[in-house]
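# Notes for the structure review
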Amino acid sequence: MKPTIESSRIEIRIETAAMDALMVRLFDAIDEANMAWVIAADQALRKTFGAALIDLVPSYTTLLVHYDCQQATHTEALQLINKALSGLTPVDTQAGELHDIPVWYDESVGPELPKVAQRAGLSVDELIEQHCQHDYCVFALGFAPGYGFMGLVDEAIATPRLKTPRSKVAAGSVGIADRQTAIYPLLSPGGWNILGRTNVALFEHAKRGEPLLRPGDKVRFRAISRDEFEADGGDTTPMEERS
Amino acid sequence: MSQAASHKAQKGLIVKQTGPLALIQDAGRFGVAHLGVTQGGAADWIAFRWANWLLGNASNSAALEIVMGGGLSLESEREVHLALTGADLDAQLDGKPLAPNARFQLLPGQRLVFRQPRQGLRAYLAFPGGLNAPEVLGSRACTAREQFGGLHEDGKPLQVGDRLTWQGTAPAMRRIADDQAPRMPVSGCRLPIVLGSQIASFSGRALFQAFNQPWTVDNRADRMGVRLTGPALHGSLTGIISEGIPLGAVQVPQDGQPIVLMNDRQTIGGYPRLGALTPIACATLAQCLPGTQVWLTPVSASQAQDDYRHQLGVWVGG
């Protein structure tokens, strides 16, 4: 069953995802313009489900609605989604916050700097400038607490994931995978190309339930020197020396 | 006195030896998946609920999830009534066998040892009023990858020298009726699955194979996911745009071997899925040793909810 909802400009599909979870599908491709709709749907679903909502996970094109099946049956949950999303209109995209993220770009903490620069036919400095040039959109949180998938990076510096992921990527590592960019909130395994390190406390924010980055926010990276990074309390331990 | 300090002063159970894995778990961490925080919680939630029920605890009280046993040894500093459910890990109390699915008394100086799995994989040990442990985002569930929960708030499993203390004093006197006692799965068991979004992208042959022959539980299995091996399933999609992952999601990566995503799964992911096992099926799978044969049996979401509510009804009133 794939019921659809008429909204002003998009076709919304609802699919069964699990016993007590429904997938709301808004789009079929990644686009920054999706976010205004995804955020609007997130707000409407939270409001309509109220206490019957267990979890709501928005992503690039979808929202996973995990509801309490003791409070709403499968059919009732479908009706609640219909009620929440009929006549949906996008939110104002300017509403998201703009975050300034200082990054120490250096080969010791960003081992893929030379490789990514070389692939793009740029010097390391040009690559850094390129990475800092855009306001990146936060598309989704996932992978780890407070981890935001952002994009899109310029086609020229897009780089596929490492063939063999690192078993340990330092907290604060800033990386690129294809046309996406992200910051690792805590020490974790990972296969992204690491360019530098920030001291922004993503994990601590998430642990308090108040993520720094939210879907629809914008992020601008700003290159800082080692001295500035250290003065801010940044950990300069090189990537390879982490065990 | 701070709460932490009072826990230290309190007598409890001391960890004398560890096994492969023993974690403090409750029902899980909910309402925070949108932050990228995993669900966690007792993998066999049915056995976990029974353990708390036996002591008259609130159903979400923190208990110990013991995987395999492997020599885990706990020594008591005081008299206490505990409840043990789930897998038969050949538990012994001062060398005498201890049957699962019952409450028992532990006296000061007595030692509880979990040796090896005879039936099932995970045993649950409940304590009066639930274990003391720091709460993170509303839950005491211990999730290693995120460094959430655990006695030292670092997501780590029990370590030698740890002291387990609990919140209550006088537990209820309950026993499980013989016909209600949770049974450990046997080879050939059925795992109900609710079919999901990408089901139509799989080939007819893949769908026939998925539901008409047994799958083998692989040894690549943990709290994040359980891999099933069998014929390779193929479809028209190799990847999808990452979307939210419900408990029990059966994702099929490029090698065609399904992975069932369990309590500690990541919150979003990009592999096509057959659907999701029901929560009851997840509890069953959490007890399957590698090599166990399982059948994926499609069920409607409504039927699965009826079965789920029936299961919850078992604990009402008792």
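Cut-offs and rules
Residues numbered from 1 in each chain as written. Chains lettered and ligands numbered in written order. Predicted model: local features only at pLDDT ≥ 70, side-chain atom pairs only at ≥ 80, totals over all residues. Heavy atoms only, no water. Contact = heavy atoms within 4.5 Å. Salt bridge = Lys/Arg side-chain N within 4 Å of Asp/Glu carboxyl O. Polar contact = N/O pair within 3.5 Å; in protein donor to acceptor, adjacent residues only side chain to side chain. Helix = DSSP H or I, 4+ residues; strand = E, 2+ residues; numbered from the N terminus. Pairing = 2+ DSSP bridges. Axes fitted to C-alpha atoms, helices over the stretch in contact; angles between N-to-C directions. Domains from an automatic or database assignment. Buried area = accessible area lost by both parts, 1.4 Å probe. 1 Å grid on protein atoms, 1.4 Å probe; cavity = no way out; pocket = protein on both sides within 12 Å on 5 of 7 lines; lining within 4 Å. Points joined across faces, edges and corners; volume = space filled by probe spheres on them. Nonpolar A, V, L, I, M, F, W, Y, C, P; charged D, E, K, R; others polar. Phe/Tyr/Trp six-rings, centres within 6.5 Å; stacked < 30°, edge-to-face > 60°. Buried < 20%, exposed > 50% of the residue type's maximum accessible area, 1.4 Å probe, protein only. Lys NZ or Arg CZ within 6 Å of the ring centre and 35° of its normal. UniProt positions renumbered as here; feature names shortened; annotations may be inferred. Lys, Arg positive; Asp, Glu negative; His and termini not counted.

Taking an unreviewed UniProt entry as the reference, chain B is identified by name as Carboxyltransferase domain-containing protein belonging to Halovibrio variabilis.

Per an unreviewed UniProt entry, chain A goes by the name Carboxyltransferase domain-containing protein and belongs to Halovibrio variabilis.

### As for the interface of chain B and chain A
Each partner contributes residues to the interface: chain B has 39 residues there, and chain A has 46 residues. The interface formed by chain B and chain A holds two salt bridges in total. The partner of K207(A) in a salt bridge is E153(B), with the nearest N and O atoms 3.6 Å apart. One can count 14 residue pairs in polar contact (both at pLDDT 80 or more) joining chain B with chain A. For the side of chain B that touches chain A, the secondary-structure elements that each account for two or more residues are β12 (189–195), β15 (243–244), β19 (273–277) and α5 (301–313) of chain B. For the side of chain B that touches chain A, the element with the highest residue contribution is α5(B), accounting for seven residues.

### Points about the sheet that holds strand β5 (residues 80–88) of chain B
Residues and elements named next belong to chain B. The antiparallel open sheet is built from five strands, whose spatial order is β2-β3-β10-β5-β8. Either end of the sheet is taken by a strand with one partner, and the two such strands are β2 (21–25) and β8 (102–106). Along the sheet, successive strands turn relative to each other by an average axial angle of 30°, direction set aside. Note that strand β3 (residues 63–67) and strand β10 (residues 119–126) share four bridges and pair antiparallel. The partner of I66 across the bridge, within β10, is A123. Running at roughly 160° to β5, helix α2 (residues 45–54) makes contact with β2, β3, β5, β8 and β10 of the sheet.

### Quick look at the sheet that holds strand β4 (residues 72–76) of chain B
Residue and element names in this part refer to chain B. Read across the open sheet, the six strands follow the order β7-β6-β9-β4-β1-β11; overall the sheet is antiparallel. Every interior strand has two partners, whereas the edge strands, β7 (96–97) and β11 (163–164), have only one. Pairing of strand β1 (residues 13–17) with β4, which is carried by four bridges, proceeds in the antiparallel orientation. Counted as the bridge partner of Q17 is S73 from β4.

### Structural notes on the domain arrangement of chain B
All names here are of chain B. Segmenting chain B into domains produces domain 1 (3–164) and domain 2 (189–313). For domain 1 and domain 2, the distance between their C-alpha centroids amounts to 27 Å. Across the contact, 27 residues belong to domain 1 and 20 residues belong to domain 2. Of the roughly 1800 Å² buried between domain 1 and domain 2, counting both surfaces, carbon and sulfur atoms make up 51%. Three residues stand out in domain 1 for area buried against domain 2, namely Q39, W45 and R145, and they jointly supply 30% of the buried area on that side. The interface formed by domain 1 and domain 2 holds 15 residue pairs in polar contact (both at pLDDT 80 or more) in total. When contributions to the side of domain 1 that touches domain 2 are tallied by element, the ones reaching two or more residues are β2, α2, β5 and β10.

### Quick word on the layout of surface pockets
Roughly 1300 Å³ of volume is contained in the largest pocket. For the largest pocket, the lining is made up of 44 residues, of which F143(A), R161(A), Q266(B), G270(B) and Y271(B) are closest to its centre. Those elements that provide at least two residues to the lining of the largest pocket are β12 (188–190) of chain A together with β13 (215–221), β14 (225–229), β17 (259–261) and β18 (268–269) of chain B. Taken together, the residues that form the lining of the largest pocket break down as 24 nonpolar, 13 polar and seven charged. Each pocket or cavity is described by its volume, and for the second largest pocket that value is around 760 Å³. Along the wall of the second largest pocket there are 42 residues; nearest its centre are I54(A), H66(A), F30(B), Q39(B) and Y308(B). Those elements that place two or more of their residues in the lining of the second largest pocket are β4 (53–58) and β5 (62–67) of chain A together with α2 and α5 of chain B. Looking at the lining of the second largest pocket, the element that brings in the most residues is β4(A), giving four residues. Considering only residue class, the lining of the second largest pocket consists of 24 nonpolar, eleven polar and seven charged.

### What to know about the packing of aromatic side chains
A ring pair, where both rings are aromatic, is described by two values, the distance of the centres and the angle of the planes. With the rule as written, the count across this model stands at 17 aromatic pairs over all chains. Ring geometry for Y60(A) against F139(A): centres 5.4 Å apart, planes inclined by 35°, an arrangement best described as tilted. A residue pair is termed long-range when its members are at least 10 positions apart, and Y60(A) in the loop between β4 and β5 and F139(A) in strand β7 (residues 136–141) qualify at 79 residues. Ring centres 6.0 Å apart and planes at 90° place the aromatic pair Y147(A) and W192(A) in the edge-to-face group. Taken together, the residues span a long stretch of sequence, with Y147(A) in the loop between β7 and β8 (148–151) and W192(A) in the loop between β12 and β13 (193–197) at a distance of 45 residues. Like W192(A), Y147(A) is buried. The ring of W295(B) carries the charged tip of R190(B) above its face, separated from the ring centre by 5.7 Å.

### Digging into the UniProt feature "domain: Carboxyltransferase" (unreviewed entry) in chain B
UniProt tags residues 34–315 of chain B as "domain: Carboxyltransferase" (unreviewed entry). The distance separating the terminal C-alpha atoms of residues 34–315 of chain B is 31 Å; by composition the span is 13% helix and 29% strand.

### A word on the UniProt feature "domain: Carboxyltransferase" (unreviewed entry) in chain A
Under the UniProt annotation, the feature "domain: Carboxyltransferase" (unreviewed entry) is placed at residues 12–213 of chain A. Its end C-alpha atoms 26 Å apart, residues 12–213 of chain A is made of 25% helix and 31% strand.

### Some words on the pattern of salt bridges
Residues and elements named next belong to chain B. Scanning the model with the defined rule gives 26 salt bridges over all chains in all. The salt bridge involving R118 is made with D90; its shortest N-O contact spans 3.5 Å. With R118 in the loop between β9 (111–114) and β10 and D90 in the loop between β5 and β6 (91–93), the pair connects residues that are 28 residues apart, well separated along the chain.

### Digging into the side chain of D55(A)
Tracing the backbone shows D55(A) in strand β4. Buried and without a salt bridge, D55(A) has R46(A) as its closest oppositely charged side chain, separated by 6.2 Å. Among the polar contacts listed, one links the side chain of D55(A) to the backbone nitrogen of G31(B), at a separation of 3.0 Å. Excluding anything up to four places from it in sequence, D55(A) contacts L64(A), V65(A), H66(A), F30(B), G31(B), V32(B), A33(B) and H34(B).

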